[in-house]
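# Results of the structural survey
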Amino acid sequence: MSDPSLEQIQQDALAAVAASSTLSQLEAARVAHTGRKSPLSEILAGIGGLPPERRGEVGKGANLARRAVQEALDARTAELEAEEMGAALERDTTDVTLPGDPRPVGALHPITQIRLEMEEILLGLGYRVADGPEVETEWHNFTALNTPAGHPARSPSDTFFIEGHPDRMLRTQTSPVQVRAMEREQPPIYLIAPGAVYRRDDVDATHSPMFHQMEGLAVDEGLTLAHLKGTMLHFFRELLGKDREILLQPHFFPFTEPSVDVQVSYIDRSGRPGWLELAGAGMVDPNVLEACGIDSERYTGFAFGCGLDRIAMIRFGVPDLRLFFEGDLRFLEQFA
Ligand code: DAH
């Protein structure tokens with residue numbers, strides 16, 4: 001085989017590569033000019049049958065030709081791929097490299113933030129979080145809690161009763177969760193129950209017919225008022241600052257005996273010290289233990305209840321309770 005024909009073969013191949021205007025045409029050219037049955041491959045395959053003195057020359061020439069064709073194929077492949085990519089991008093107008101349309105990241109509501117903090121503190125003391133229904137029975141919300149018939153809280157002017165169900169109401173406190181837990185299980189019981197409660201109050205800067213409380217209940221052998229006080233001191237120092245002091249002031253609640261108001265020290269804006277009433281608490285009344293099926297000779301307990309919203313107002317310096325419930329993003333975004 002002579003050199004001119006090898007040259008011709010190479011030229012034909014290069015011309016076919018150059019003439020390919022799509023990747024599939026180029027693939028056809030590759031098969032035709034470098035495939036197993038192409039003239040170039042046949043020359044290379046026939047080298048063994050040549051006289052020895054010609055093998056070197058023909059082999060070298062054919063390999064150079066093949067390399068030249070392969071380089072042309074590679075270069076044309078890159079060109080055509082780029083063209084096809086450009087055409088595809090033109091057809092499809094979505095540009096995935098443009099910056100995205102950012103979605104604002106949400107944040108927890110300030111009341112939720114306070115609730116989670118409170119839970120965290122008490123979970124650390126071994127309490128668990130319990131839940132109860134917001135539509136309660138008279139038994140759970142009042143009677144089992146030692147609140148006698150005729151007590152003013154039980155009147156329809158203070159409480160939202162459910163129409164057609166005189167013994168059903170929106171719970172006025174989270175305390176009924178205590179009853180549900182004690183009816184279900186025997187001590188030791190250490191639980192907290194945060195949630196919404198409802199009272200017939202007119203809306204103003206410090207009142208709302210719906211607000212939030214967190215209940216605490218501990219029932220075990222040998223619990224005393226000292227345990228209650230230590231728990232409250234730890235709780236409020238963790239929540240509001242290590243320099244807080246607490247004061248237990250005698251009070252009355254139907255379901256505890258003795259009952260106290262838990263006051264927490266604070267310094268007002270002009271630097272004057274004072275006390276804030278932040279929780280109700282006391283030793284669980286033996287009548288309540290017995291109503292729930294717990295032996296009041298063997299077990300004692302303490303309970304406490306505090307308003308989440310009020311504590312959130314203090315913690316975040318929010319002057320008006322209504323701000324928490326109006327859903328104004330300009331207000332809420334400040335807690336993100
Ligand atoms: N349930 C009471 C209220 O709504 C708060 C309270 C006081 C809860 C004393 C308690 C407690 O568990 O022991 O005003």
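Refer to the structure printed above.
All figures in this text were calculated on a predicted structure; none of them were measured in a lab. (Residues numbered from 1 in each chain as written. Predicted model: local features only at pLDDT ≥ 70, side-chain atom pairs only at ≥ 80, totals over all residues. Heavy atoms only, no water.)

Quantified by volume, the largest pocket comes out at close to 1,500 Å³. Of all the elements in the fold, those that place two or more residues in the lining of the largest pocket are β6 (210-220), β7 (246-253), β8 (256-267), β9 (273-284), β10 (300-307) and α10 (308-316). Looking at which element gives the most residues to the lining of the largest pocket, the answer is β9, with 6 residues. Space inside the second largest pocket adds up to approximately 220 Å³. (1 Å grid on protein atoms, 1.4 Å probe; cavity = no way out; pocket = protein on both sides within 12 Å on 5 of 7 lines; lining within 4 Å. Points joined across faces, edges and corners; volume = space filled by probe spheres on them. Helix = DSSP H or I, 4+ residues; strand = E, 2+ residues; numbered from the N terminus.)

Time to look at the site of the ligand. Taken together, the neighbourhood of the ligand is formed by 15 residues, with Gln 173, Ser 175, Arg 199, Gln 213 and Glu 215 sitting nearest. Contacts to the ligand include Gln 213, whose side-chain N or O atom sits 2.8 Å from an oxygen atom. One of the backbone N or O atoms of Phe 304 is found 3.3 Å from an oxygen atom in the ligand. For the ligand, the cavity whose grid points lie within 2 Å of the majority of its atoms is the largest pocket. Classifying every residue of the shell around the ligand by side-chain character gives 5 nonpolar, 8 polar and 2 charged. (Near = heavy atom within 4 Å. Polar contact = N/O pair within 3.5 Å; in protein donor to acceptor, adjacent residues only side chain to side chain. Sits in = over half its atoms within 2 Å of the grid points. Nonpolar A, V, L, I, M, F, W, Y, C, P; charged D, E, K, R; others polar.)

With mixed pairing, the 7 strands of this open sheet are ordered in space as β1-β5-β6-β10-β9-β8-β7. Sheet topology places β1 (128-129) and β7 at the edges, where each strand pairs with a single neighbour. Bridge analysis of β7 against β8 gives 7 bridges, and the strand direction is antiparallel. Directly across from Leu 248, in β8, lies its bridge partner Val 262. Most of the contacts of helix α5 (residues 110-123) go to strand β5 (residues 189-198), to which it runs at about 165 degrees, and overall it touches β1, β5, β6 and β10. Set on the sheet, helix α7 (residues 176-184) makes contact with β1, β5, β6 and β10; between it and β6 the angle comes to about 35 degrees. (Pairing = 2+ DSSP bridges. Contact = heavy atoms within 4.5 Å. Axes fitted to C-alpha atoms, helices over the stretch in contact; angles between N-to-C directions.)

In an α-helix, one turn spans 3.6 residues; hence positions three or four apart end up facing the same way. The end-to-end C-alpha distance of helix α8 (residues 225-240) is 22 Å, a good match for the 22 Å that 16 residues give at a rise of 1.5 Å each. Restricting attention to buried positions, one finds in α8 the residues Leu 228, Thr 231, Met 232, Phe 235, Phe 236, Leu 239 and Leu 240. What you see down the axis of α8 is that its buried residues fit within an arc of 125 degrees, all on one side. The N-capping residue of α8, defined by a side-chain oxygen 3.1 Å from the backbone nitrogen of Ala 226, is Thr 224. Remark: Gly 241 follows α8 within two positions and exhibits a positive phi of approximately 130 degrees. (Expected span 1.5 Å × (residues − 1). Buried < 20%, exposed > 50% of the residue type's maximum accessible area, 1.4 Å probe, protein only. Arc of directions from axis to C-beta.)

Along the chain, the position of Glu 215 falls in strand β6. An unpaired buried charge is present at Glu 215: no salt bridge exists, and Arg 199, the closest side chain of opposite charge, is 8.4 Å distant. At 2.9 Å, the side chain of Glu 215 forms a polar contact with the side chain of Thr 174. Of note is the side chain of Glu 215, whose polar atom sits 2.9 Å from the side chain of Ser 175. For Glu 215, the residues in contact, after removing those within four places along its chain, are Thr 174, Ser 175, Gln 178, Leu 191, Ile 192, Ala 193, Phe 304 and Gly 305. (Lys, Arg positive; Asp, Glu negative; His and termini not counted. Salt bridge = Lys/Arg side-chain N within 4 Å of Asp/Glu carboxyl O.)

What follows covers the sheet that holds strand β4 (residues 165-170). Here 3 strands make up an open sheet; going across it, the order is β2-β4-β3 and the pairing antiparallel. On the outer flanks of this sheet lie β2 (135-137) and β3 (161-162), each paired with one strand and no other.

Residues Met 118, Met 214, Phe 235, Phe 236, Phe 304 and Ile 311 are the most contacted members of the largest nonpolar core, which totals 38 residues. Elements with a contribution of two residues or more to this core: α5, β6, α8, β8, β9, β10, α10 and α12 (329-332). It is α8 that contributes the most residues to this core, 6 residues altogether. Ignoring any residue separated from it by four or fewer positions in sequence, one finds Phe 236 in contact with Gly 241, Arg 244, Ile 246, Val 262, Val 264, Leu 278, Ala 279 and Ile 311. Counting residues in hydrophobic clusters, the runner-up holds 20 residues, among them Ala 144, Met 182, Val 284 and Ala 303. (Core = buried A, V, L, I, M, F, W, Y, C linked by side-chain atoms within 4.5 Å.)

Any link to function would need more than the numbers given here.
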